[in-house]
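The lines below spell out each chain.
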Amino acid sequence: MRLSRLLSKTLREDPSEAETASHRLMLRAGMLHQVAAGVYAYLPLALRSLAKIERIIREEMDAAGGQEVRMPALHPLDLWQATGRDQTAAAILFQLRDRRGRDLLLAPTHEEVVTSIVKANAASYRDLPLLVYQIQTKFRDEPRPRAGLLRGREFDMKDAYSFDADWDGLDRSYQSMVEAYSNVFRRCGLPTMAVEADSGAIGGKDSHEFIMPAESGEDLVLHCRASGYAANVERAKSIPPPAPEPDPLPLALTDTPGVITIPDLARFLGIPEAQTLKAVFYQADGQTVLVTIRGDIEVNEVKLKNHLRANDLRLAGPEEARAAGLTPGSTSPIGIEGVRTIADESIRQGANFAAGANQPDKHYVNVNYPRDFNVDEVADIARAQAGHGSPDGAGMLEEVRGVEVGHVFKLGEFYADALGASFIDADGAPRSIVMGCYGIGVTRLLAAAIEQNHDDRGIVFPAPIAPYHLHLVSLNPDQEQVREAADRLYDDLRADGLEVLYDDRQESPGVKFNDADLLGLPVRVVVSPRNLRDGVVELRARRGGEPQRVPASEAAALARAMLAEG
RNA sequence: CGGGGUGUGGCGCAGCUUGGAAGCGCGCCUGCAUGGGGUGCAGGAGGUCGUUGGUUCGAAUCCAAUCACCCCGACCA
């Protein structure tokens, strides 16, 4: 492609609406055109990268036995009513109505449709297992689209669905997809980590996310180098540092004027925060819940929500707490009745804690569980954090930020049951199909790749997903011998099967070099009067390193060697 | 949904407080020079100032409503 003919132009200045690196660079490089909030046109350079990502995905899905289909984006609402997701997913559904008044939606995902397809085609255990996938546009009315392609309202996803006769089969399908995903990300040149993930309300038993480390990522992962344990913070277990364990002393009430926060309390009493207990109140589906946890640990609201099996969980306000008979600033479960009480497992260890006295300006000291109070339930509801021990005891946890580029789940029988997708087993009895689902955010992956691979000059594409292999630059193209040599090299490189973006514009060297750095193709090839005089062309890797000067006839071979290095 | 911010040529912005002929930089077009890291000089084209309504002799500027976009939070299979 000749740059002089390319649809898009580069921008010298950062667009004001973009803050995230990938968003900013994709706009500057002319890969994207924003049409509405979270809605983008993919311009030629972006589309070429996406096509390469999709190709790798297809090859790995096919290798894993997948069969590609294409399902509609437009769904009748009643299909979603069958699973109740018209309600549970209502917040993100784009809904519309046709001319006859029939309710439709733009699909955010395809479990219902794919299950109905399999229901119509798989009647016997002989038809299973099946792995069906598609690459298709999804629509989600996100509360807040952001960061360009990282969180859009219309985006491309590869979604795959496995259908097995039993849970052992699902385990095999799931494992096969985990391996396929690892292959996809490795082949794209994009290191990711598979981490344990929260599986959500209907998620079944196992779930993993594939996280690409990047500063701008929305996800937080707890990772142990020693054991390899890795989990999303929503799910991560941990061993907090132990609290002091002195001999138990008698419970005592003490004045703590003006002391409300845990840091204040610890300072006032001269004890570590790990020797305090804090109380947090939540509204769970309208019910007030009192949560007790060690003072130096935060509540993990996802764990709490799962434990409570609550649909809606939020912090209760001071008024709601008082209405339930609690004393904000000095609450504890000691002597509390009539409120559901949950405690984190951290209260089991340690002794002589300080805790609220349920009256203003007073706290208890030397609180010991279960001697001095009891709770309805004790569960793991702690937020793991850096510095905690790995749950396998192998070492310390670190926190890693990243972008979720893939997610796999064992769904189980939920959709099959809701939609009546059963099969006849070898004994002639009807059984529910056991299902898994597996997603890769294709457009998000492109953005994440740029988040992970850029410098202050621009994008640094991994070779496998770069829009073109080579960025051919001619300097002083108004000199006939330069133009002719560059044209010839352009033809020769392409004839050799290389993908070349040819900057044939009448621009100054600085402009051309800066654009080459911005676009970030893996190898830059320079044809200039100076090089011609020496009978060479110059190749340089975008990732860095010294330029290499070789005769034009050797350029293709050298380029291939450089591309192979990434 | 709560909080904050921004809408002025293709892009980035000033002008608005205190109403009185729409500006700057980049990009774009023409010409000349230049030619290894956003080159220089000269000339030129391009704007319903988001929209609607109001105040006023007069509105980019003041008032109201509304729409859009961005950021933080909530939310997020």
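Residues numbered from 1 in each chain as written. Chains lettered and ligands numbered in written order. Predicted model: local features only at pLDDT ≥ 70, side-chain atom pairs only at ≥ 80, totals over all residues. Heavy atoms only, no water.

Student: Outline the domain arrangement of chain A, listing residues and values.
Tutor: We note that the domain assignment places domain 1 (12-236 + 399-450), domain 2 (252-379) and domain 3 (468-564) within chain A. With centres defined by C-alpha atoms, the gap from domain 1 to domain 2 works out at 39 Å. Contacts between the two partners involve 5 residues from domain 1 and, on the opposite side, 4 residues from domain 2. Approximately 330 Å² of surface area, both sides summed, lies buried where domain 1 meets domain 2, with 37% of it carried by carbon and sulfur atoms. Contact with domain 2 buries surface across domain 1, with D198, E234 and A236 losing the most and accounting together for 77% of the total. Between domain 1 and domain 2 we count 0 salt bridges in total. On the surface where domain 1 and domain 2 come into contact, there are 3 residue pairs in polar contact (both at pLDDT 80 or more). Looking at the side of domain 1 that touches domain 2 residue by residue, the classes come out as 2 nonpolar, no polar and 3 charged. (Domains from an automatic or database assignment. Contact = heavy atoms within 4.5 Å. Buried area = accessible area lost by both parts, 1.4 Å probe. Salt bridge = Lys/Arg side-chain N within 4 Å of Asp/Glu carboxyl O. Polar contact = N/O pair within 3.5 Å; in protein donor to acceptor, adjacent residues only side chain to side chain. Nonpolar A, V, L, I, M, F, W, Y, C, P; charged D, E, K, R; others polar.)

Student: Any details on helix α12 (residues 480-495)? Residues and values, ideally.
Tutor: If you check α12, its first and last C-alpha atoms are 22 Å apart, about what 16 residues at 1.5 Å a residue would give, namely 22 Å. Those residues of α12 not exposed but buried are V482, A485, A486, D487, L489, Y490 and L493. Backbone geometry just after α12 places G497 at a positive phi near 90°. (Helix = DSSP H or I, 4+ residues; strand = E, 2+ residues; numbered from the N terminus. Expected span 1.5 Å × (residues − 1). Buried < 20%, exposed > 50% of the residue type's maximum accessible area, 1.4 Å probe, protein only.)

Student: Before we move on, could you go through the protein's contact with RNA strand B and cite the residues and values that matter?
Tutor: Close to RNA strand B lie 43 residues, the nearest being R144, Y415, R457, D517 and S528. Take the atoms of RNA strand B that sit within 4 Å of the protein: sugar and phosphate atoms are 46% of them. Take R144: an N or O atom from its side chain is 2.5 Å from a phosphate oxygen of RNA strand B. Interatomic distance of 2.5 Å between a side-chain N/O atom of R457 and a base nitrogen of RNA strand B. For the surface near RNA strand B, the secondary structure elements donating two or more residues are β1 (32-36), α13 (509-519), α14 (529-533) and β30 (537-541). Take the surface near RNA strand B: its biggest share by element is 7 residues, from α13. Within the surface near RNA strand B, the residues separate by chemical class into 13 nonpolar, 8 polar and 22 charged. (Near = heavy atom within 4 Å.)

Student: With reference to specific residues and values, describe the pairing of strand β6 (residues 103-106).
Tutor: Regular strands place side chains that alternate from one sheet face to the opposite one. In the sheet, strand β4 (residues 74-76) pairs with β6 via 3 bridges, with the strands oriented antiparallel. When the sheet's bridge partners are listed, L74 is paired in β6 with L106. Here 4 bridges tie strand β5 (residues 94-97) to β6, and the two strands are oriented antiparallel to one another. For F94, the partnering residue across the bridge sits in β6 and is L106. Two successive antiparallel strands, β5 and β6, enclose a turn made up of 5 residues, where G101 displays a positive phi of approximately 85°. (Pairing = 2+ DSSP bridges.)

Student: Run through the sheet that holds strand β19 (residues 362-367), naming residues and quoting values.
Tutor: If you walk across this open sheet you meet the 3 strands as β13-β19-β18, and the pairing is antiparallel. The open sheet is flanked by β13 (252-255) and β18 (353-356), the only strands paired with a single partner. On average, each strand axis in the sheet is tilted by 35° relative to the strand beside it, whichever way the strands run. Where β18 meets β19, 3 bridges bridge the pair, whose relative direction is antiparallel. By the bridge assignment, F353 is partnered in β19 with V367. (Axes fitted to C-alpha atoms, helices over the stretch in contact; angles between N-to-C directions.)

Student: So what's going on with the pattern of salt bridges? Residues and values would help.
Tutor: This model, assessed by the stated rule, comprises 42 salt bridges. We note a salt bridge from R85 to E112, for which the minimum N-O separation is 2.6 Å. Here the residue R85 occupies a position in helix α4 (residues 85-88), and E112 occupies one in helix α5 (residues 111-121), the gap between them amounting to 27 residues. Pair check on accessibility: R85 and E112 agree, each one buried. Measuring nitrogen to oxygen at the nearest pair gives 3.3 Å for the salt bridge that ties R267 to D264. Residue R267 and its partner D264 are both found in helix α7 (residues 262-269); the two are separated by 3 residues, about one turn of the helix. You can call D264 partly exposed: its relative accessible area is 28%. The network of salt bridges with common partners includes R55, E59, E60 and R187.

Student: Give a description of the environment of N183 that names residues and reports values.
Tutor: Within the secondary structure, N183 sits in helix α6 (residues 167-187). With a relative accessible area of 25%, N183 lands in the partly exposed category. As for N183 and M61, which are separated by 122 residues in sequence, their C-alpha atoms are 10.0 Å apart.

Student: Account for the sheet that holds strand β27 (residues 470-474), with residues named and values stated.
Tutor: Spatially, the 5 strands line up as an open sheet ordered β28-β27-β29-β30-β31, and their pairing is mixed. Taken across any chain shown, the strands that pair with only one partner, and hence form the sheet edges, are β28 (500-503) and β31 (548-550). Direction aside, neighbouring strands of the sheet carry axes that sit 25° apart on average. Where strand β29 (residues 523-527) and β30 come together, 4 bridges link them in antiparallel fashion. Residue pairing in the sheet places V525 in a bridge with L539 of β30.

Student: Please provide a residue-by-residue account of the nonpolar core, values included.
Tutor: Membership of the largest hydrophobic core comes to 59 residues, with the highest contact counts inside it found for M31, Y181, Y438, L445 and L446. A per-element tally of this core places α6 first, with 8 residues. A domain split of this core shows at least three residues from each of domain 1 (12-236 + 399-450) and domain 3 (468-564). Residues contacting L446, with those up to four places away along its chain left out, are M26, M31, A46, S49, L50, I53 and F461. (Core = buried A, V, L, I, M, F, W, Y, C linked by side-chain atoms within 4.5 Å.)

Student: Provide a residue-level description of the packing of helix α2 (residues 44-63) against α6, including the pertinent values.
Tutor: Closest axis-to-axis distance for the α2/α6 pair is 9 Å, and the angle between their directions is 150°. Judged by the angle between their axes, α2 and α6 are roughly antiparallel. α6 is crossed by α2, and the crossing has right-handed handedness. In this structure, α2 contributes I56, I57, E59, E60 and M61 to the contact, and α6 contributes M177, A180, Y181, N183, V184 and R187. (Parallel < 35°, antiparallel > 145°, perpendicular 65-115°, else oblique. Left-handed = near helix turned anticlockwise from the far one by under 90°.)

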